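Working through the structure, step by step
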Amino acid sequence: MMQVGVVGAGAMGSGIAQVAAQNGHQVVLSDTSDAALERSKSKLAKVMSRLVEKGRLEEADANAIQNRISYTTVLDDFSGCGLVIEAIIEDLGVKRALFRQLEGIVSPECVLATNTSSLSVAAIAASVSESKRVIGIHFFNPAPLMPLVEIVPAVQTADDLTGKMRELIERWKKVPVIAKDTPGFIVNRVARPFYGEALRLYEEGVADFATIDHAMKKEGGFKMGPFELMDFIGNDVNYAVTESVFAAFYYDPRYKPSFTQKRHAEAGWLGRKSGRGYYDYTDGASRLLSEAPDANKDPKLAGDICWRIVVMLINEAADALYMNIASREDIDLAMTKGVNYPKGLLQWADEAGIVNCVETMDRLYDEYREDRYRCSPLLRKMAREGRKFYD
Ligand SMILES: NC(=O)c1ccc[n+]([C@@H]2O[C@H](COP(=O)([O-])OP(=O)(O)OC[C@H]3O[C@@H](n4cnc5c(N)ncnc54)[C@H](O)[C@@H]3O)[C@@H](O)[C@H]2O)c1
C-alpha cells in the first residue's frame, strides 16, 4: 500500500496521519519542531489507549496503527511517498517554499496535497514545476472524527487526479465532496451567515447571545448555537477566517466581519480556551451542553431569529450552487458532514418554500438597502419557474 507523508504535526497533521495509519498506510509525519512531534506521538498514544479501554479497538490494532507512523524532522524521509499532505502554518510563502523543497525529494508520480483552509490552491500549485500533481485535500477538525473532506482541484490540477483522490478518501471511510478553488471552498463560505447574521442580530439589539443560541437549537435543530460555537472555535480563529473570506471576495459586504467579534478577540475573550468568550467558562462549567438560563424562550422571537439566520444560509448555499462552486448534493453533504447542520440547506430551502426564501430576502433588502441582503439570482429564478432543488 502507498506510503503517505504528512508535513506539520499540529492539530490537523496529527489527525490526518492517524486517519491514514488507521487505513493501513505506512505514514511519515514531519515537523520542524521536535516538541510538536513528541506532543503528536503522545497524544496519539492516549487516543489509542482510550479506544482500547472503551473496547472500540483491539490492543494489537492500536499498536499496529502507532507503529505505522514514523516521526521525523528530515524531509528527505518523504522520498518513498505516493502522496504527501501538507498541514503546516497558514502562510502562502512558507507553504510555497515547502512544496518547492518537496518537489526535489519525492518521485515524479507523487501527489502533493495541501490542507489549506483559506489560501488559493492554484497559488500553492504554481510554486512547483509539475503543478498538475497538486490538489487541495481539506480535512475538518478533528480529522479522525469529522467525516467531511473537501477535495479542491486547482486550475492546474490533472483531470484524473480529482477522481483518484475522491476514491482514496472514500476508502478512508470519509465523505469527499468536490469544491472549486474559491475562498472558503464550500463549508467556510456557506457557513459565514451562521456567525455573521447572529452577530448582526445581537448588534441590532434584537436579542442577547443566549436567546439567539436558544433559537437556533430549539427552532433550527442545530447542535450548538452560533455564540457557543464561536466560543468553541475561538473568537480569534473564527474572526480571522471571516476577515480572510471578506478580503478574498474583494470586500463583498455579504461577508463583512463584526465589531462585536473583533472586540471580543482583542479583549482576549476568545471563548472556552481563554475562560471567557460570549459566555463565562471560568468555573469550568460548559454552557455548551446545557441551556443558557437567561435565554428569552418566546417561541415567536425564536422562530423569527432562526428563520433570518437560516434564510441567509440558504441564500449563501444557493449562490454557491449558482456560481458552480460544487454540486447540489455536495453543498448539502458539506454542511451536514462538515459542520453537523441538522439538514442540507438546499433541502431546507425546498421544505421552507423557495418563494418564501425570496420574499424574506427581499424584505430584508428593502428594510436595510444593504448588498448583504441581496437575493441569489438562482433562488429568484427558481421561484419564478416554480422549481425545487430536489424535484
Ligand atoms: N485547525 C483547524 O480547524 C483546521 C481545519 C482545516 C484545515 N486547517 C489548516 O491546516 C493547516 C494546519 O493547521 P493546524 O490547526 O494543524 O495548525 P497547528 O499550528 O496546530 O500546526 C502546524 C504545525 O506545523 C508546523 N510547521 C510550521 N511550519 C513548518 C514547516 N515549514 N515545515 C514543517 N512543519 C512546520 C508547526 O511546528 C506546527 O506543529 C493550516 O493550513 C490550516 O489552515 C486547520
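Calculation notes
- Residues numbered from 1 in each chain as written.
- Predicted model: local features only at pLDDT ≥ 70, side-chain atom pairs only at ≥ 80, totals over all residues.
- Near = placed C-beta within 6 Å.
- Helix = DSSP H or I, 4+ residues; strand = E, 2+ residues; numbered from the N terminus.
- Nonpolar A, V, L, I, M, F, W, Y, C, P; charged D, E, K, R; others polar.
- Pairing = 2+ DSSP bridges.
- Axes fitted to C-alpha atoms, helices over the stretch in contact; angles between N-to-C directions.
- Right-handed = clockwise from strand over helix to strand, strands pointing away.
- Core = buried A, V, L, I, M, F, W, Y, C linked by C-beta atoms within 7 Å.
- Buried ≥ 20, exposed ≤ 12 C-beta atoms within 10 Å, placed from the backbone.
- Domains from an automatic or database assignment.
- Contact = placed C-beta atoms within 7 Å.

With that settled, consider the site of the ligand. Around the ligand there are 24 residues in total, and G8, G10, M12, A36 and N141 lie nearest to it. Of all elements in the fold, only α1 (11-22), α4 (92-103) and β6 (134-139) reach the threshold of two or more residues within the shell around the ligand. Sorting elements by how many residues they give to the shell around the ligand places α1 first, with three residues. Taken together, the residues of the shell around the ligand break down into twelve nonpolar, ten polar and two charged.

What follows covers the sheet that holds strand β5 (residues 111-114). Ordered by their spatial adjacency, eight strands build an open sheet running β3-β2-β1-β4-β5-β6-β7-β8, and the pairing between neighbours is mixed. At either end of the open sheet lies a strand with only one pairing partner, and these are β3 (69-72) and β8 (175-178). Strand-to-strand twist across the sheet, computed as the mean angle between neighbouring axes with direction ignored, equals 25 degrees. Sheet topology note: the strand β1 (residues 4-7)/strand β4 (residues 83-86) ladder contains four bridges and is parallel. Residue pairing in the sheet places V4 in a bridge with L83 of β4.

Quick look at the pairing of β8 now. When strand β7 (residues 148-153) meets β8, the two strands line up parallel, connected through four bridges. Its bridge partner being in β8, E150 is matched across the sheet by V177. Crossover β7 to β8 through helix α6 (residues 159-171) is right-handed.

On to the nonpolar core, then. In a soluble, globular protein the nonpolar side chains are often hidden away together inside. The biggest cluster of nonpolar side chains holds 108 residues, and the ones touching the most others in it are V84 and I186. The dominant element in this core, judged by the number of residues it contributes, is helix α13 (residues 299-322), at 13 residues. Taken together, domain 1 (4-178) and domain 2 (189-385) each give at least three residues to this core, which thus spans both.

Per the domain assignment, the segments of the protein are domain 1 (4-178) and domain 2 (189-385). A C-alpha centroid distance of 30 Å is found between domain 1 and domain 2. Taken residue by residue, the interface counts nine residues in domain 1 and eight residues in domain 2. Among the elements of the structure, β7 and β8 are those that each provide at least two residues to the side of domain 1 that touches domain 2. Broken down by element, the side of domain 1 that touches domain 2 gets its largest block of residues, three residues, from β8. Residue composition of the side of domain 1 that touches domain 2, grouped by class: seven nonpolar, one polar and one charged.

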